[in-house]
Amino acid sequence: FWYKTNVAGMFFSHSQAGCGNAYIEADVHTNGRPRLKGYNAGGGMAYTVYSTTSTFDGEWHHYGGTQRAATTTVSTWLDGVVASSTGIAPTNIGCQGPFFGVDERGGATSQYVGDLAEIMMWRQELTAAQFISLYNTGMWYSEMLAGTSPILYYTFDE
């Protein structure tokens with residue numbers, strides 16, 4: 001998805017409440033770096049993956065992440081470049097959500113304040129070439145990537 005903000009807050013949370021309570025969250029930390037967090041059933045931390053760059057600059061940024069269960073790897077992408085990658089214990093996510101702009105579990109994380117544009121979600125992992133293609137096409141890309149099946153696609157006006 002594309003975003004622009006100068007304030008820390010939650011992009012989205014996607015939980016499995018009622019199905020083991022595993023969940024993932026994506027937010028902008030108070031240091032301006034986007035991060036992806038995953039929790040195993042019961043709420044134990046599985047991973048936290050930070051971008052290396054602060055995005056509190058008033059510009060639009062393209063952010064995405066992948067979780068590959070087969071190799072227990074999580075990667076995040078910021079502006080067409082792999083921002084970070086880590087090995088993890090796989091979690092089973094997907095009963096509820098996603099919830100955009102708020103931590104649906106009622107946690108202390110603040111609501112997202114800023115602009116969001118063109119949110120997409122897939123069941124399969126996108127390749128490096130596909131992330132780079134999405135970044136290079138810019139916002140308002142209306143054609144889907146060849147051979148992919150997004151399960152969620154929202155566009156917003158700036």
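As a reminder, the structure under discussion sits directly above these lines.
Residues numbered from 1 in each chain as written. Predicted model: local features only at pLDDT ≥ 70, side-chain atom pairs only at ≥ 80, totals over all residues. Heavy atoms only, no water.

A. The arrangement of the packing of aromatic side chains in detail. In this structure the tally under the stated criterion is eight aromatic pairs. Seen from their ring centres, phenylalanine 1 and tyrosine 3 are 6.1 Å apart, and the 55° between their planes marks the pair as tilted. Residues phenylalanine 11 and tyrosine 63 carry aromatic rings whose centres are separated by 6.1 Å and whose planes lie at 35° to one another, so their mutual orientation is tilted. Highlighted residues: phenylalanine 11 in strand β2 (residues 9–15) and tyrosine 63 in strand β6 (residues 61–68), separated in sequence by 52 residues. Chaining the aromatic ring pairs together yields one cluster made of Phe1, Tyr3, Phe11, Tyr63 and Tyr112. (Phe/Tyr/Trp six-rings, centres within 6.5 Å; stacked < 30°, edge-to-face > 60°. Helix = DSSP H or I, 4+ residues; strand = E, 2+ residues; numbered from the N terminus.)

B. Quick look at the side chain of serine 84. Turning to its location among the elements, serine 84 is positioned in strand β8 (residues 81–87). Of the polar contacts made by the side chain of serine 84, one reaches the side chain of threonine 76; its length is 2.8 Å. Non-local contacts of serine 84, meaning those with residues more than four positions away in its chain, are made with Val49, Tyr50, Ser51, Val74, Ser75 and Thr76. (Polar contact = N/O pair within 3.5 Å; in protein donor to acceptor, adjacent residues only side chain to side chain. Contact = heavy atoms within 4.5 Å.)

C. Main features of the sheet that holds β8. Read across the open sheet, the five strands follow the order β8-β7-β6-β1-β10; overall the sheet is antiparallel. One side of each edge strand has no neighbouring strand; the edge strands of this open sheet are β8 and β10 (115–117). Strand-to-strand twist of the sheet, defined as the mean angle between neighbouring strand axes without regard to direction, takes the value 25°. Inspection of the sheet shows strand β7 (residues 73–78) paired to β8 by six bridges, in the antiparallel sense. Across the sheet, serine 75 pairs through a bridge with serine 85, a residue of β8. Packed on one face of the sheet, helix α1 (residues 128–137) meets β1 (2–4), β6 and β7 and runs near 160° to β6. (Pairing = 2+ DSSP bridges. Axes fitted to C-alpha atoms, helices over the stretch in contact; angles between N-to-C directions.)

D. Looking closely at α1. Those residues of α1 not exposed but buried are Gln130, Phe131 and Leu134. Within α1, the buried residues cover an arc of 100° as seen down the axis, which keeps them to one side. Facing away from the buried surface of α1 by more than 90 degrees, the exposed residues are Ala129 and Asn136. (Buried < 20%, exposed > 50% of the residue type's maximum accessible area, 1.4 Å probe, protein only. Arc of directions from axis to C-beta.)

E. Representation of the pattern of salt bridges in the model. According to the stated counting rule, one finds three salt bridges in the structure shown. Taking the shortest distance from any N to any O, the salt bridge between lysine 37 and glutamate 25 comes out at 3.0 Å. Highlighted residues: lysine 37 in strand β4 (residues 34–39) and glutamate 25 in strand β3 (residues 23–28), separated in sequence by 12 residues. What makes lysine 37 buried here is its relative accessible area of 7%. The partner of aspartate 27 in a salt bridge is arginine 35, with the nearest N and O atoms 2.7 Å apart. Of the residues examined, arginine 35 reaches a relative accessible area of 14% and is grouped as buried. Within this structure, Glu25, Asp27, Arg35 and Lys37 form a network of salt bridges that share partners. (Salt bridge = Lys/Arg side-chain N within 4 Å of Asp/Glu carboxyl O.)

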